[in-house]
Amino acid sequence: MTFLKEVAPLITPELLMVFGVFLIMGIDILITKTKALSRAVTGYIALVIPLLAMVLVTLQFGLSAMAFGLTESFRMELIDSFPATRQAKLVFMVDDLSRFFSLVFLIVLSFVIVASWDYLKRVEHEDVQSNLAVFYSLLIMATIGMMFVAKAHDLIALIVAWELGSIPSYALTAFNRRNRLNMEAAMKFFLLGAFSTAMLLYGTSMIFGITGSTNFSVIAATLQSQFTQLDPLYVMGLVFLIAGLGFKMALFPFYYWIPDTYQGAPNVVTAFLAAGSKKMGFAAILRVLLEAFDFGQIASQWQDLFAILAILTMTAGNLAALTQDDIKRMLAYSSIAHAGYMIAGLAVITKANVVTSSIVLNLALAGIFIHVLAHALMKLAGFFLVDLAEHEGLGTNRDSFYGWGTRRPMIGMIFTMVMMSLMGAPPLIGFWGKAFLVLAALQADQLYLALLIVLNSALSVPYYLRFIRPIFSKPEEVPETVSPQWSISVFKLPTYQVTLLLAILLLLLGIFPPFFDWILNISVWPA
């Protein structure tokens, strides 16, 4: 009864989604004779589940932080009920940080489910059409894993949740097994994902060997009390942890899988990976750094590391994107550059902890939160536009877009807004994430980091403009090799409708002051 009374209310969104998976699979089994009915029912249920979970998460904002985990008797209880923190196993923390990331994951899931209706209709292979419920279930299960990663307060709990969020993503990438590119992308994704998990486990074993625990609170307390200088084993353990998380976040030099995977995966799955799965790494590293390794000497040692990682990641991503003619690869390298901007926020947070500046910490966390949400919305819109282009026979090469905006002015406007937001043009939401990070860096006396964020943003402008220009070209400028199949019905597609909604959100969130007030309120640490 302890679990039902104390713990279950904290994870009602996740429990609802687990129930939704069973419901979707059950309905698919029961309604076997009418495929159209089964497709419609499972699709709508798959959408309603995350929307309801989103409401539950939103209602929890502002509540006090609470933790739960297993006791030595393997009973799930609130952390406050334990005789000693050291006895807690597989601990999860429910606070505004976890609620924010859960909300982002659910928003991404909802948009991807709607866009997947078009994708699943276009794929005519029987093995895909007969497994639509499996596709939705994999999306939901991956999101549940991401949500638990954001709650993890224990390294073992983090790794278990990490795998729950990752394994369904591998299956989604290879969902259309008859498509060679899908299978190739899934294989690369799986192998490097397994490698990153191995590094997480290796780093965890080293930290456990030093501290005797995997609980973040115990790790922090042990390191603070016992370490007067950095232990080599501790350094190696944290390096392996950061490297393992760096694969998911696509940090330098662990980003090489991103372009091939994004290019080969189905567009809706690529959108899910870029907008949702990638953010799982940022939720994890915020937890690990702020809760387990957040104190003076040790924190200060990692300031330069994250600053260097941020500079190398954003610069490498932008330089590689400059040479791309395929929009999916361009968006992939752009995603790497944006990971660098967010990692710059971590360098500022580390500096903020050293100088004990709550203002800097608040600004840096707010910048990361805004950029996480903005990047999720921008990548969703970007890859949905790619899906619309393929629906009209345009392909993914830059030359394929000639005249698209001339024939489809609304799509041209949406495309321009998304690219402008990605480059950080005001007043779109993409500008504000970078602006908060620059302000935080300046407040933390890291002028070089603020300057490099600005310079890299300027460096990104040319490759976004390279893709905007062709779509507004005159019809007579369209290369003869391009043979689009224009269809008026494109405006009736769910993918177009959600892309239009995303473009509106990119503008509204950028000019809606209460949104920034809310972000600043939930980014106070501890949340």
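Residues numbered from 1 in each chain as written. Predicted model: local features only at pLDDT ≥ 70, side-chain atom pairs only at ≥ 80, totals over all residues. Heavy atoms only, no water.

**Regarding the environment of A381**
Positionally, A381 belongs in helix α16 (residues 358–391). With relative accessibility at 0%, the residue A381 sits in the buried group. With 34 residues separating them along the chain, A381 and F415 place their C-alpha atoms 8.3 Å apart. Sequence-distant contacts of A381, defined by excluding residues within four places in its chain, comprise V418, T499 and L502. (Helix = DSSP H or I, 4+ residues; strand = E, 2+ residues; numbered from the N terminus. Buried < 20%, exposed > 50% of the residue type's maximum accessible area, 1.4 Å probe, protein only. Contact = heavy atoms within 4.5 Å.)

**As for the sheet that holds strand β1 (residues 66–70)**
Across the sheet, three strands lie side by side as β2-β1-β3; this open sheet has antiparallel pairing. Of all the strands in the sheet, just β2 (76–78) and β3 (89–94) have a single pairing partner and so form its edges. Direction aside, the axes of adjacent strands within the sheet are offset by 20° on average. With three bridges connecting them, β1 and β2 associate as antiparallel partners. By the bridge assignment for β2, F68 is matched with L78. (Pairing = 2+ DSSP bridges. Axes fitted to C-alpha atoms, helices over the stretch in contact; angles between N-to-C directions.)

**Re the packing of helix α8 (residues 180–211) against helix α9 (residues 216–226)**
As a packed pair, α8 and α9 sit with axes 10 Å apart at the nearest point and diverge in direction by 55°. The pairing of α8 with α9 is recorded here as oblique in orientation. For the crossing formed where α8 meets α9, the hand is left-handed. From α8, I207, I210 and T211 reach across to α9, where they touch I219, T222, L223 and Q226. Of the residues in the contact of α8 with α9, the class split is four nonpolar, three polar and no charged. (Parallel < 35°, antiparallel > 145°, perpendicular 65-115°, else oblique. Left-handed = near helix turned anticlockwise from the far one by under 90°. Nonpolar A, V, L, I, M, F, W, Y, C, P; charged D, E, K, R; others polar.)

**As for the pairing of β1**
By the criterion of burial, β1 is predominantly enclosed, with four of the five residues buried. In terms of strand pairing, β1 meets β3 through four bridges, oriented antiparallel. The residue bridging L70 from the neighbouring strand is K89, located in β3.

**Details of the packing of aromatic side chains**
In the structure shown here, the tally under the stated rule is 29 aromatic pairs. Geometrically, the ring pair formed by Y262 and F383 is edge-to-face, given 5.9 Å between the ring centres and 90° between the ring planes. With Y262 in helix α11 (residues 257–264) and F383 in helix α16, the pair connects residues that are 121 residues apart, well separated along the chain. The class of Y262 is buried, set by a relative accessible area of 0%. Looking at F383, the relative accessible area reads 0%, which means it is buried. Put simply, the rings of F61, F100, F101, F105, F369, F431, W432, F436, F515, F516 and W518 touch in pairs and so form one group of aromatic residues. (Phe/Tyr/Trp six-rings, centres within 6.5 Å; stacked < 30°, edge-to-face > 60°.)

**Re helix α21 (residues 494–508)**
Taking 1.5 Å per residue as the helical rise, α21 with its 15 residues ought to reach 21 Å, and the 21 Å between its terminal C-alpha atoms agrees with that figure. Along α21, the residues classified as buried are P494, T495, Y496, V498, T499, L502, A503 and L506. Taken together, the buried residues of α21 touch α4 (96–122), α16, α18 (409–423) and α19 (429–443). (Expected span 1.5 Å × (residues − 1).)

**A few points about the side chain of T204**
Note that T204 resides in helix α8. Beyond its immediate sequence surroundings of up to four residues, T204 is in contact with L155, I156, I159, T214 and L241.

**Description of the environment of L109**
Note on placement: L109 falls in helix α4. Between the alpha carbons of L109 and I140 there is a distance of 7.4 Å; along the sequence they are 31 residues apart.

**Section: unusual backbone geometry**
Between F252 and P253 the backbone carries a cis peptide bond, its omega angle lying at 0°. Following the sequence through the fold, P253 ends up in the loop between α10 (232–249) and α11. Even without glycine at this site, A250 takes up a positive phi of about 65°. Topologically, A250 is positioned in the loop between α10 and α11. On the accessibility criterion, A250 (0% relative accessible area) is buried. Its identity as a non-glycine residue notwithstanding, D445 has a phi of 60°, on the positive side. Its place among the elements puts D445 in the loop between α19 and α20 (447–471). When its relative accessible area of 68% is taken as the criterion, D445 is described as exposed.

**A word on the packing of α4 against α16**
Where α4 meets α16, the closest approach of the two axes is 11 Å, and the angle between their N-to-C directions is 5°. In terms of their interaxial angle, α4 and α16 are classed as roughly parallel. Counting all contacts with α4, which are made through L97, F100, F101, V104, I107, V108, F111, V112, A115 and R122, the residues of α16 involved are F369, V372, L373, A376, L377, L380, F384, D387 and H391. Here the contact of α4 with α16 is composed, by residue class, of 16 nonpolar, one polar and two charged.

**Some thoughts on helix α14 (residues 303–321)**
Here α14 spans 27 Å end to end across 19 residues, near enough to the 27 Å set by a 1.5 Å rise per residue. Every buried residue of α14 is accounted for by Q303, F306, A307, L309, A310, T313, M314, A316, G317, N318, A320 and A321.

**Describing the pattern of salt bridges**
Scanning the entire structure with this criterion turns up eleven salt bridges. Where E184 meets K188, a salt bridge forms, and the shortest distance between an N and an O atom there is 3.1 Å. Taken together, the positions of E184 and K188, both in helix α8 and four residues apart, correspond to about one turn of that helix. With its nearest N and O atoms 2.4 Å apart, the salt bridge here joins E291 to R287. (Salt bridge = Lys/Arg side-chain N within 4 Å of Asp/Glu carboxyl O.)

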